[in-house]
Amino acid sequence: MMSTGLNHMTIPQSSATELFDMAQSLGFVGVELRNDLPTALFDGKDAREIGKNAKERGLRILALAEVYGFNKNSAEKQAEALNLARQAKNCGAEAIALIPRIEDAPVARSEQRDLLKEALIALQPMLENVGMVALIECLGFANSSLRLKADAVAVLEEMERPACFGLIHDTFHHALAEEVAIFADLTHIVHISGVTDQRIGYSDMTDAHRGLVDCNDTIGNLAQITRLRSAGYTGPFSFEAFSPTVHELNDPTDALSESVAFISSQVANMAA
């Protein structure tokens, strides 16, 4: 049985309470809350109150997102990370999400690693002091300042794999980066979204193309999910849809339920 979660981006106009209610109704294990949506983080309420609301529904807060551009190390980014880590601790979240910058032009892989290592070295003592895990999410866009999980893992290996860091495997970005390797042992959350437009290639895909996964998916979600599970990943698969077609649904509960059923049945068949 797959463990599933719901990223607030999938229903960005909804409050945290509405997110919790939908996740509970779908039998999901948890949610991811975000600070980059029209609605205020925690609905403007105290973090502890939101954490209590989630717990009362039997839900985990899988992560708080995000510290965007964390890998351009600065006092400002360190302060953002520390603030988000403290908020996560207060609401009972399991992790925070670290998102790399998108630049105007491609960044050399050696530079990507150097930027990442400098940032992680600065963040490590802060995270350890708060007692929080930070998850690195590589973005597969051509101009991403951190594209490949392999590079993130190489840096973590150099740092002897500090327990305060892990990975988010995003099926969309894994496809765009055309990355082969997966790192199930370092992965804490998997983001899933589907692209169904057969006319576009990876280089032309944007967040707006990211809907729910169905039989028309072009980015290999089923294969990625199967590989991760076969490699020992047992964590949540969290729905993160950016597409306006999903956001415009009055109630995406049925659509989400259908996507869960499709993925679960197909993955079961592939594993048989």
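Residues numbered from 1 in each chain as written. Predicted model: local features only at pLDDT ≥ 70, side-chain atom pairs only at ≥ 80, totals over all residues. Heavy atoms only, no water.

Chemist: Where do I start with the pairing of strand 3 (residues 60–68) in this structure?
Modeler: Residues in a regular strand point their side chains to alternate faces of the sheet. Counting buried residues in strand 3 gives seven out of nine residues, a clear majority hidden from the surface. Taken together, the five bridges between strand 2 (residues 30–34) and strand 3 define a ladder with parallel strand orientation. By the bridge assignment, L33 is partnered in strand 3 with L64. Note that the unit made of strand 2, helix 2 (residues 47–56) and strand 3 has a crossover that is right-handed. Where the polypeptide runs from strand 3 across helix 3 (residues 75–91) and back to strand 4 (residues 95–99), its parallel neighbour, the crossover connection is right-handed. (Buried < 20%, exposed > 50% of the residue type's maximum accessible area, 1.4 Å probe, protein only. Helix = DSSP H or I, 4+ residues; strand = E, 2+ residues; numbered from the N terminus. Pairing = 2+ DSSP bridges. Right-handed = clockwise from strand over helix to strand, strands pointing away.)

Chemist: How do you make sense of the side chain of S145 when you look at a structure like this?
Modeler: Note that S145 resides in the loop between strand 5 (133–137) and helix 5 (149–158). Only 2.8 Å separates the side chain of S145 from the side chain of N71, close enough to count as a polar contact. Polar side-chain contacts of S145 include one of 2.7 Å to the backbone oxygen of R101. Ignoring any residue separated from it by four or fewer positions in sequence, one finds S145 in contact with N71, P100, R101, E103, V107 and Q112. (Polar contact = N/O pair within 3.5 Å; in protein donor to acceptor, adjacent residues only side chain to side chain. Contact = heavy atoms within 4.5 Å.)

Chemist: Where do I start with the packing of helix 7 (residues 221–230) against helix 9 (residues 253–271) in this structure?
Modeler: When two helices pack together, their arrangement is captured by the angle between the axes and the distance separating the axes. Two numbers describe how helix 7 lies on helix 9: the axes approach to 10 Å, and their chain directions differ by 60°. When the axes of helix 7 and helix 9 are compared, the pair comes out oblique. The two elements helix 7 and helix 9 meet at a crossing, and its hand is right-handed. Residue-level contacts link L222, A223, I225, T226 and R229 of helix 7 to F262, I263, Q266, V267 and M270 of helix 9. Looking at the contact of helix 7 with helix 9 residue by residue, the classes come out as seven nonpolar, two polar and one charged. (Axes fitted to C-alpha atoms, helices over the stretch in contact; angles between N-to-C directions. Parallel < 35°, antiparallel > 145°, perpendicular 65-115°, else oblique. Left-handed = near helix turned anticlockwise from the far one by under 90°. Nonpolar A, V, L, I, M, F, W, Y, C, P; charged D, E, K, R; others polar.)

Chemist: Looking at this model, I keep getting lost on the pattern of salt bridges. Mind explaining?
Modeler: Where charged atoms from two side chains of opposite charge come close, those side chains can pair. Enumeration according to the criterion identifies 17 salt bridges in this entry. As a salt-bridge pair, E66 and R34 come within 3.3 Å of each other at their nearest N and O atoms. Here R34 lies in strand 2 and E66 lies in strand 3, a separation of 32 residues in the sequence. Each of the two residues, E66 as well as R34, counts as buried. The closest approach of N and O atoms between R199 and D197, which form a salt bridge, is 2.9 Å. For R199, a relative accessible area of 74% puts it in the exposed group. (Salt bridge = Lys/Arg side-chain N within 4 Å of Asp/Glu carboxyl O.)

Chemist: Would you explain the packing of aromatic side chains in this entry?
Modeler: Two measures describe an aromatic ring pair: the distance that separates the ring centres and the angle between the ring planes. A full pass over the atoms with the stated rule returns three aromatic pairs. For the pair F28 and F239, a centre-to-centre distance of 5.9 Å together with 5° between the ring planes defines the contact as stacked. Here F28, found in the loop between helix 1 (16–25) and strand 2, pairs with F239, found in strand 8 (residues 237–239); they are 211 residues apart in sequence, far enough to count as distant. Here F28 falls in the buried class, since its relative accessible area comes to 5%. Taking 6.0 Å as the distance between ring centres and 70° as the angle between the ring planes, the aromatic pair formed by F141 and F172 counts as edge-to-face. Of this pair, F141 sits in the loop between strand 5 and helix 5 while F172 is found in helix 6 (residues 171–176), placing the two residues 31 residues apart along the sequence. (Phe/Tyr/Trp six-rings, centres within 6.5 Å; stacked < 30°, edge-to-face > 60°.)

Chemist: Sorry, what's going on with the side chain of E240 here?
Modeler: The topology assignment puts E240 in the loop between strand 8 and helix 8 (244–247). Here N7 takes part through its side chain, which lies 3.5 Å from a polar atom of the side chain of E240. Of the polar contacts made by the side chain of E240, one reaches the side chain of H191; its length is 3.0 Å.

Chemist: How do you make sense of helix 5 when you look at a structure like this?
Modeler: Along an α-helix, residues three or four positions apart point the same way, because every turn accommodates 3.6 residues. Extensive coverage of helix 5 is indicated by the burial of seven of its ten residues. By the burial criterion, the buried members of helix 5 are K149, D151, A152, V153, A154, V155 and L156. E160 sits one or two positions beyond helix 5 and adopts a positive phi of about 65°.

Chemist: Which parts of the structure should I look at to understand the state of the cysteines?
Modeler: In protein structure, a disulfide is the covalent linkage between the sulfur atoms of two cysteines. A complete count under the given rule lists zero disulfides for this structure. With no disulfide of its own, C91 lies closest to C164 among cysteine sulfurs, the gap being 18 Å. Taking relative accessible area as the criterion, C91 reaches 5% and is therefore assigned buried. With no disulfide of its own, C164 lies 16 Å from the sulfur of C138, the closest cysteine sulfur. (Disulfide = S-S within 2.5 Å.)

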